Amino acid sequence: MQATDYPQGNNPAAEFPPCRLGVNIDHVATLRNARGGVDPDPVRAAHLAIAAGADGITAHLREDRRHIRDDDIRRLKDEISKPLNFEMAATPEMVSLCLEVQPHASCLVPERRMERTTEGGLDLVGQAEFIRPHIDRLLSAGIRVSLFVDPDPNQIEMAKTLGAPVVEIHTGDYQQAAFSTTPERIQAAFDAIKAAAEQAYELGIEVHAGHGLNFQNVQNIAAIPQMRELNIGHFLMGEAVFMGLDQAVKEMRRLINDARTGRLV
Ligand code: PXP
């Protein structure tokens with residue numbers, strides 16, 4: 001599918017601040033763990049991504065430690081020169097670890113052991129009282145909290161009620177829509193993300209997005225004026241096999257920058 005098959009953002013974001021690129025290095029650890037040992041090193045990948053233009057690094061410490069491990073998170077915090085976004089489930093164990101590591105930010109996500117990847121946003125509406133104490137603990141320790149949510153107005157509203165300074169809008173449905181072949185579905189998925197970004201911004205919440213972003217779909221998301229950060233992992237690591245991580249990050253950075261100034265491919 002060509003980039004032009006996606007709806008074109010008609011709202012150049014030039015007058016808004018730039019959109020940051022957070023590189024998720026989980027799948028460098030996936031590759032390492034496939035064989036055990038220490039190679040390839042996700043921290044080395046983080047340094048390389050930063051040198052290529054990443055504004056921050058994201059790592060998801062899953063409860064089952066299937067890719068990133070505790071030691072990776074600690075090394076990332078100690079060694080990288082850009083902000084660390086510690087992605088995690090809202091559990092007492094993870095919150096305690098996060099308080100110990102003191103990353104720049106914590107992105108709370110739902111986690112189910114059998115899923116291959118994070119399959120959707122948090123149900124803030126259904127689980128507000130469960131998640132609230134975790135958010136409060138992190139915020140009172142000075143850690144910026146981002147809530148990963150579907151582009152649903154009720155979830156955004158609840159993020160505000162819970163006092164989250166940031167939401168990360170789940171873009172997985174938008175990516176999947178590309179395979180459904182109907183332009184209406186792609187448009188509807190895009191419109192929901194755009195509306196959620198506008199709503200969050202109006203409520204004073206910083207807007208991030210991520211999941212399933214690639215060279216073809218990133219520009220329309222990056223062109224949403226309220227978008228301040230995109231977190232991208234799996235596609236970049238896949239492209240790194242072909243073009244190198246340095247070039248993959250640089251190309252993603254270029255596409256995001258161009259989208260902000262209205263130069264859509
Ligand atoms: N943001 C969040 C909250 C995620 O859970 C993930 C996947 O780990 C990403 C961004 C990155 O998604 P992808 O690997 O598909 O680029």
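Up top is the structure these notes are about.
Computed from a predicted structure; not experimentally measured.

Chemist: Can you walk me through the overall build of the protein in this structure?
Modeler: Helices and strands together make up the secondary structure of the protein, namely eleven helices and eight strands. Seen through its C-alpha atoms, the protein measures out along the principal axes to roughly 45 × 45 × 35 Å. Buried residues in the protein amount to 52% of all 265 residues. Considering only residue pairs separated by 6 or more positions, the protein has 70% of its internal contacts joining residues 24 or more positions apart. Carbon and sulfur atoms make up 52% of the accessible area of the protein, which totals about 11600 Å². In the protein, the 27 positive side-chain charges and the 37 negative ones have mean positions that sit 4 Å from each other.

Chemist: Quick question: what am I supposed to make of the site of the ligand here?
Modeler: Around the ligand lies a shell of 13 residues, among which Glu-87, Glu-168, Gly-212, Gly-233 and His-234 are the nearest. Gly-212 has a polar backbone atom sitting 2.8 Å from an oxygen atom of the ligand. The separation between an oxygen atom of the ligand and a polar main-chain atom of His-234 is 2.8 Å. When the free accessible area of the ligand is taken as 400 Å², the share hidden by the protein chains comes to 95%. Assessed atom by atom at 2 Å from the grid points, the ligand resides in the largest pocket. Its residues assigned to classes, the shell around the ligand comprises three nonpolar, seven polar and three charged.

Chemist: For this particular structure, what's the right way to read the layout of surface pockets?
Modeler: Estimated volume of the largest pocket: approximately 710 Å³. Forming the walls of the largest pocket are 32 residues, and the residues nearest its centre are His-27, Thr-117, His-211, Gly-212 and His-234. When contributions to the lining of the largest pocket are tallied by element, the ones reaching two or more residues are α1 (26-35), β2 (56-60), β3 (84-89), β6 (166-170), α7 (172-177), β8 (227-232) and α10 (234-243). Partitioning the lining of the largest pocket into residue classes produces five nonpolar, 20 polar and seven charged. Reported here for the second largest pocket is a volume of approximately 330 Å³. Forming the boundary of the second largest pocket are 14 residues, of which Val-28, Leu-31, Pro-40, Met-237 and Ala-240 lie nearest the centre. Every element with two or more residues in the lining of the second largest pocket is listed here: α1, α2 (42-51) and α10. With four residues, the single largest contributor to the lining of the second largest pocket is α1. In terms of residue class, the lining of the second largest pocket is built from nine nonpolar, two polar and three charged.

Chemist: Looking at this structure, how should I read the sheet that holds β6?
Modeler: For sheets, the rule is that strands pair by backbone hydrogen bonds, running either parallel or antiparallel. Strand order in the closed barrel formed by eight strands is β1-β2-β3-β4-β5-β6-β7-β8, and the pairing between neighbours is parallel. Each neighbouring strand pair of the sheet contributes to a mean axis angle of 25 degrees, computed without reference to strand direction. Inspection of the sheet shows strand β7 (residues 206-210) paired to β8 by four bridges, in the parallel sense. Each bridged residue has a counterpart across the sheet, and for His-208 the counterpart in β8 is Glu-229. The strands touched by helix α8 (residues 183-202) are β6, β7 and β8; relative to β6, the strand with the most contacts, the crossing angle is about 175 degrees.

Chemist: How should the pairing of β2 be read in this particular structure?
Modeler: Of all five residues that make up β2, five are buried, and the element is covered over most of its length. Neither face of β2 is left uncovered, since the one carrying Gly-56, Thr-58 and His-60 and the one carrying Ile-57 and Ala-59 both have all their residues buried. Looking at chain direction, strand β1 (residues 20-24) and β2 are connected through three bridges and run parallel. Bridge pairing in β2 places Val-23 opposite Ile-57. Here β2 runs beside β3; their pairing, made up of four bridges, is parallel.

Chemist: Looking at this structure, I do not really get the pattern of salt bridges. What am I missing?
Modeler: Pairs may arise between side chains of opposite charge once their charged atoms sit close together. Applying the stated rule across the entire model yields 16 salt bridges. Glu-100 is the salt-bridge partner of Arg-74, the closest N and O atoms lying 2.9 Å from each other. With a gap of 26 residues between them, Arg-74 in helix α3 (residues 70-79) and Glu-100 in helix α4 (residues 92-101) connect regions that are remote in the sequence. For Arg-74, a relative accessible area of 33% corresponds to the partly exposed category. In this structure, Arg-132 and Glu-129 form a salt bridge, with 3.3 Å as the shortest nitrogen-oxygen distance.

Chemist: Looking at this model, I keep getting lost on the packing of helix α5 (residues 124-140) against helix α6 (residues 153-161). Mind explaining?
Modeler: For any two helices packed against each other, one specifies the crossing angle of their axes together with the interaxial distance. One can describe the packing of α5 onto α6 by two numbers: an axis separation of 10 Å at closest approach and a directional angle of 20 degrees. Judged by the angle between their axes, α5 and α6 are roughly parallel. Crossing hand, α5 versus α6: right-handed. Contacts between α5 and α6 involve Leu-124, Val-125, Ala-128 and Arg-132 from the first element and Asn-154, Gln-155, Met-158, Ala-159 and Thr-161 from the second. Residue classes in the contact of α5 with α6 are distributed as five nonpolar, three polar and one charged.

Cut-off values and rules
- Residues numbered from 1 in each chain as written.
- Predicted model: local features only at pLDDT ≥ 70, side-chain atom pairs only at ≥ 80, totals over all residues.
- Heavy atoms only, no water.
- Helix = DSSP H or I, 4+ residues; strand = E, 2+ residues; numbered from the N terminus.
- Buried < 20%, exposed > 50% of the residue type's maximum accessible area, 1.4 Å probe, protein only.
- Contact = heavy atoms within 4.5 Å.
- Areas by Shrake-Rupley, 256 points an atom, 1.4 Å probe, with all protein chains shown as cover.
- Lys, Arg positive; Asp, Glu negative; His and termini not counted.
- Charge placed at Lys NZ, Arg CZ, Asp CG, Glu CD.
- Near = heavy atom within 4 Å.
- Polar contact = N/O pair within 3.5 Å; in protein donor to acceptor, adjacent residues only side chain to side chain.
- 1 Å grid on protein atoms, 1.4 Å probe; cavity = no way out; pocket = protein on both sides within 12 Å on 5 of 7 lines; lining within 4 Å.
- Sits in = over half its atoms within 2 Å of the grid points.
- Nonpolar A, V, L, I, M, F, W, Y, C, P; charged D, E, K, R; others polar.
- Points joined across faces, edges and corners; volume = space filled by probe spheres on them.
- Pairing = 2+ DSSP bridges.
- Axes fitted to C-alpha atoms, helices over the stretch in contact; angles between N-to-C directions.
- Salt bridge = Lys/Arg side-chain N within 4 Å of Asp/Glu carboxyl O.
- Parallel < 35°, antiparallel > 145°, perpendicular 65-115°, else oblique.
- Left-handed = near helix turned anticlockwise from the far one by under 90°.

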